[in-house]
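Listed below, chain by chain, are the residues.
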Amino acid sequence: MRILFLLVILSVASALQSQVVVKENMIQSKSAFPLVTSNTKAAVVYDADDYLVVQKTAELFVADVESVTGKQLRLTDTVKGDKEIIVVGTIEKNRLIRQLAEKGKLDISPLEGAWERYLIQTVSRPFPGVSKALVIAGSDRRGAAYGLFSLSEMMGVSPWYWWADVPAKKHKTLYVDAPATLSKTPSVKYRGIFLNDEDWGLKPWAAKTFEKERGNIGPRTYAKICELLLRLKANHLAPAMHPVSTAFYKIPENKLVADTFAIVMGSSHCEPLLLNTASEWDSKTMGPWDYNKNKDKINEVLSNRVKENCAYENVYTLALRGLHDAAMGGGDVPMREKVKMLESALNAQRDIIARHIDKPVETIPQAFTPYKEVLEIYSNGLELPDDVTIIWADDNFGYMKRLSGPHEQKRSGRAGVYYHISYLGVPHSYLWYSTTPPALMYEELRKAYDTTADRVWLANCGDLKGAETQISLFLDMAYDIDQFNAGNVATYPARWLAKMFGEQYYDLFQDITCSHINLAFSRKPEYMGWGYWNNYWGGGEKRTDTEFSFANYNEAERRLTEYSRIGKKAENLLAALDEESRPAFYQLLYYPVKGAELMNHMTIKGQFYRQYVRQQRAAADRLKAQVKCYHDSLEIITDGYNSLLDGKWKYMMSLKQNYDGTSSYFMIPLMEEEYTPVGAPRLAVQAESENLDKGGMSFHALPAFSTYARKSYWIDIYNQGTGELNWSVAPSDDWILISQKSGKTSTENRIHISVNWDKVPVGEKVKGQIDITSGNQKESVLVSVFNPESPARDELQGLYVEENGYISIPAADFHRKFESNDIQMNILAGLGFEGRSLQLGNPTAPLQMYRAGDVPRVEYDFYTFNAGIYDVYT
Ligand code: REL
């Protein structure tokens, strides 16, 4: 006897008010519809006069059914002898749907005038000769597409089937149970991604692999991206804009492709009116990108852009910034002037829109993003038309910088969100694999949503690959935020993976993904070199005060052990999965987890190695070999990624996405210089010789950073003249040790300064001076040192006790809490160093005055060895 398995009882309860179900076995219900049976196949019918996206989606749906069942449905625009038909279309243009509504067989009234909603319903005997129709009726073109793709997803085709090679679930037969089911209006109106920082992945991959014929990111790539967005029930795209790519509008087919998929185009915060300024503005032919000097040309170019593209659906950015992520104009312009200039530029842009689009300007979607310095200009009184959506930005690291206040909440344009799940810029980039915690995303985005940010949500997703989970989560929240809460969001990655690879792995996925996100919260894999070399952009100051500790609580070892544990689990699962699932698993879980494991081992072992070098231990060589081995393994698994599926993703994954390290990410762990951690004796040197006599001596010392611990400094003495220069150096105190007291130089000399710590009183700051003399020229270097006492730990184990001058308390470990009706203290799982964070109340609670003793708060007890004034960092 043949046993029928239950395929998917995946109700999209999230999206649908009643339940559409797709199963492999026959359904005994009035609303049952046979999609593919052993001897029948339904036909898919669209209306040839409907929007293009409907036909496009129908074609893709037919391919989806084929990938699941191996059977091809007939795709047609006319009903001809088919017993079972799937009718898909918009209520505006699909004649069959209108006829069914007129005959009273379908209630489409909730769809009239609605935004992106759909109705799925089985109708018996809809037309003469047809026994059943499965109707997917959209309130508009995207509504119809979302409806049909929701069936694809239920039968086991992931939106990521192409971009992450998730295999379709295989079944011989498919039945749909479709009682009248209406989707919700999406939570956020425009929901999409910004393709940014394509330089190291998407661009080289498209140019050399997928779209070789163009040598660039072009219409074939955009078609795949737009399809993905539609399947993810998103609708908005800001295209790649770095100068390495050909600008989106320079390839005319691009916008046609976007429109075929009904995707609403836009541009990022610094790019007005769809102009990809950084890659399109040509100062040779257009003059400077400077509104004060060249506003007519700027407005002319913008006007042409709108004229050529206003036939399509767009969200228009109103903006004025530099060509990249920088301010426009010089820094010394008074704020008043900046506000005036921005206001006049935005008004001119709005006039351009009004001139070219034949609709009341207040009904055309326009957005303004006060990002970085623009937020300050906005806060200084910028007047913005009421219908313009203000898109609040995060701080590039996932924390919203600003939300709508009470006045802004009354704006008709409402608000939006520009959110980074990947970032290139100061002080530190993260472009490799997105590790933004789901719990953080929900916490931040929900409060933005609750304060009217429901008009536009745009995620900066880097170049797409490597941010798959966070993209899905962001767009799922934007589509239906109410299916999420603080209790279920942290397990989103596990649920997402289990849906792709099998529910039997759910616990394993939960273990691996929660730990992976948590470890990256205290340091992202991209930042592992940061402990030693703080940042590419900031000029590379070396420091060790942020390295993981071998001394305290085995912090470094525990981190490595945990990475090894989850890395091993990911590796075992990779081996256990069937051949077809492996490429997807490699991309979505194995590579990021194993990559983070190797990166952590490489850098932390490097730290260990440097310590051994300082201690002159022979085992240093063995550690060096290990570091190299981890490095090579990283290269190997990255090559593995790029060679999946016969090189489908060649050039997509690169360790250079670890931008701060670029080629030196491997060198960092092996650097051998000596630095000391905070809490150890500190030496600061301050050189003031800039009044240089031409022909005489000048000198230079490393800048003094009192927070950066150093054991030694050096001073470079330069000869400004042509002949030889004699110099001598005299320290003011005998605790200052110098490597050389006098010398002769024709170019430069380096003197090392160190300290005889035995002569510096414990617990005191001591200042001294070094005089450098040459002929009758005398200059001074100030030296200050601090020799901290090392406090003995006492019996107060288990409470928070000062150690080396510090006390560190996890926020969620408070001793007492005081709440009010509106402000509760919540502990959020999946967020924070220890995987628990404290959320202070409700961001939308009304402002209230409290008497001192009643203020909602938490309290912490701690012990110090000395009374006094302390700095508190939260
Ligand atoms: O190059 C640029 O201008 C952009 O990549 C950045 O400015 C980006 O928009 C910013 O949000 C950083 O991620």
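Refer to the structure printed above.
Residues numbered from 1 in each chain as written. Predicted model: local features only at pLDDT ≥ 70, side-chain atom pairs only at ≥ 80, totals over all residues. Heavy atoms only, no water.

Now for the pattern of salt bridges. As a working rule, side chains carrying opposite charge can pair if their charged atoms are close by. Counted under the stated rule, the structure contains 45 salt bridges. Two residues, R857 and E859, come together in a salt bridge whose shortest N-O distance is 3.0 Å. Taking relative accessible area as the criterion, R857 reaches 23% and is therefore assigned partly exposed. Salt bridges linked by common partners bring E116, R141, R142, R191, D259 and E313 together as one network. (Salt bridge = Lys/Arg side-chain N within 4 Å of Asp/Glu carboxyl O. Buried < 20%, exposed > 50% of the residue type's maximum accessible area, 1.4 Å probe, protein only.)

This part is about the side chain of T451. Following the sequence through the fold, T451 ends up in the loop between α12 (438-450) and β17 (456-460). In terms of polar contacts, T451 uses its side chain to reach the backbone carbonyl oxygen of A448, at 3.0 Å. With sequence-adjacent residues up to four places away left out, T451 is seen in contact with L403, S404, Q409 and T844. (Helix = DSSP H or I, 4+ residues; strand = E, 2+ residues; numbered from the N terminus. Polar contact = N/O pair within 3.5 Å; in protein donor to acceptor, adjacent residues only side chain to side chain. Contact = heavy atoms within 4.5 Å.)

Once that is clear, we can look at the site of the ligand. Taken together, 14 residues form the shell around the ligand, and within it N196, H242, H269, H324 and Y418 come nearest. Between the ligand and H420, the relevant distance is 2.9 Å, taken from an oxygen atom to a side-chain nitrogen or oxygen of the residue. One nitrogen or oxygen atom from the side chain of N460 is found 3.3 Å from an oxygen atom belonging to the ligand. Coverage of the ligand by the protein amounts to 97% of the 340 Å² it exposes when considered alone. For the shell around the ligand, the residue count by class is 6 nonpolar, 6 polar and 2 charged. (Near = heavy atom within 4 Å. Areas by Shrake-Rupley, 256 points an atom, 1.4 Å probe, with all protein chains shown as cover. Nonpolar A, V, L, I, M, F, W, Y, C, P; charged D, E, K, R; others polar.)

With 181 residues, the main nonpolar core has I86, L151, W163 and W457 as its most contacted residues. The greatest single-element share of this core, amounting to 13 residues, is contributed by helix α17 (residues 582-614). In contact with I86, other than residues within four places in its own chain, are F33, L35, A42, A43, V44, V45, F61, L73, L134, I136 and L148. (Core = buried A, V, L, I, M, F, W, Y, C linked by side-chain atoms within 4.5 Å.)

The next thing to look at is the environment of P167. Relative to the helices and strands, P167 resides in the loop between α3 (141-154) and β8 (174-177). Classification of P167 as buried rests on a relative accessible area of 11%. Along the backbone, P167 and F501 are 334 residues apart, and their C-alpha atoms lie at a distance of 8.8 Å. Every residue in contact with P167, bar those within four places of it in the chain, is listed here: G156, E580, S581 and A584.

It is worth spelling out unusual backbone geometry at this point. Despite not being glycine, D197 shows a phi value in the positive range, around 60°. Judged by relative accessible area, which is 3%, D197 ranks as buried. A positive phi is found at A262, a non-glycine position, where the angle reads about 60°. With respect to the helices and strands, A262 occurs in the loop between α6 (252-260) and β12 (264-265). The exposure class assigned to A262 is buried, which follows from its relative accessible area of 0%.

So, about the sheet that holds strand β14 (residues 366-368). Spatially, the 8 strands line up as an open sheet ordered β12-β11-β10-β17-β16-β15-β14-β13, and their pairing is parallel. Unpaired on one side and paired on the other, β12 and β13 (316-317) mark the two borders of the sheet. Sheet strands in contact with helix α10 (residues 335-356) are β13 and β14, and its direction is about 165° off that of β14. (Pairing = 2+ DSSP bridges. Axes fitted to C-alpha atoms, helices over the stretch in contact; angles between N-to-C directions.)

Taken in spatial order, the 3 strands of this open sheet run β1-β8-β2, and their pairing is antiparallel. In this open sheet, the two edge strands, each paired with only one partner strand, are β1 (21-23) and β2 (32-36). Averaged over all adjacent pairs, the angle separating strand axes in this sheet is 25°, with direction ignored. Examined bridge by bridge, β1 and β8 share 3 bridges and lie antiparallel to one another. In the strand pairing of β8, K23 is matched with Y175. Most of the contacts of helix α1 (residues 52-69) go to β2, to which it runs at about 80°, and overall it touches β2 and β8.

At a closest axis distance of 10 Å, the pairing of helix α9 (residues 291-309) and α10 adopts a crossing angle of 25°. With respect to their mutual orientation, α9 and α10 come out roughly parallel. The chirality of how α9 crosses α10 is right-handed. Touching Y291, N292, N299, L302, S303, V306 and K307 of α9 are M341, S344, A345, A348, Q349, I352, I353, R355 and H356, all from α10. Grouping the constituent residues of the contact of α9 with α10 by class yields 8 nonpolar, 6 polar and 2 charged. (Parallel < 35°, antiparallel > 145°, perpendicular 65-115°, else oblique. Left-handed = near helix turned anticlockwise from the far one by under 90°.)

Time to look at empty space enclosed by the protein. Taken as a whole and assessed by the stated rule, the structure comprises 10 cavities of 30 Å³ or more. Of the voids in this model, the largest cavity is the one considered here, and its volume is about 170 Å³. As for the largest cavity, its lining consists of 15 residues, of which S434, T469, Q470, H516 and L588 are closest to the centre. Elements with a minimum of two residues in the lining of the largest cavity: α13 (468-479), α14 (492-501), α15 (506-522) and α17. Its residues assigned to classes, the lining of the largest cavity shows 8 nonpolar, 6 polar and 1 charged. Each of two domains, domain 2 (190-486) and domain 3 (516-670), supplies a minimum of three residues to the lining of the largest cavity. (1 Å grid on protein atoms, 1.4 Å probe; cavity = no way out; pocket = protein on both sides within 12 Å on 5 of 7 lines; lining within 4 Å. Points joined across faces, edges and corners; volume = space filled by probe spheres on them. Domains from an automatic or database assignment.)

It is worth spelling out α3 at this point. Along its 14 residues, α3 runs 21 Å from first to last C-alpha, staying within 8% of the 20 Å computed at 1.5 Å per residue. By the criterion of burial, α3 is predominantly enclosed, with 13 of the 14 residues buried. Of the residues flanking the end of α3, it is G156, one or two places downstream, whose phi is positive at about 110°. (Expected span 1.5 Å × (residues − 1).)

Okay, the packing of aromatic side chains next. Under the definition given, this model contains 37 aromatic pairs. A network of ring pairs unites the aromatic residues W432, Y433, Y586, Y590, Y591 and Y641 as a single cluster. Here the basic side chain of K189 rests over the ring of W115, its NZ or CZ set 4.5 Å away from the ring centre. Over the ring of Y430 we find K524, and its NZ or CZ is 4.4 Å from the ring centre. (Phe/Tyr/Trp six-rings, centres within 6.5 Å; stacked < 30°, edge-to-face > 60°. Lys NZ or Arg CZ within 6 Å of the ring centre and 35° of its normal.)

For α12, spanning 13 residues, the distance from its first C-alpha to its last is 18 Å, which sits close to the expected 18 Å at 1.5 Å a residue. For α12, the complete set of buried residues consists of P438, A439, L440, M441, Y442, E443, E444, L445, R446, K447, A448 and Y449. Positive backbone phi, approximately 80°, marks T452, located one or two places after α12.

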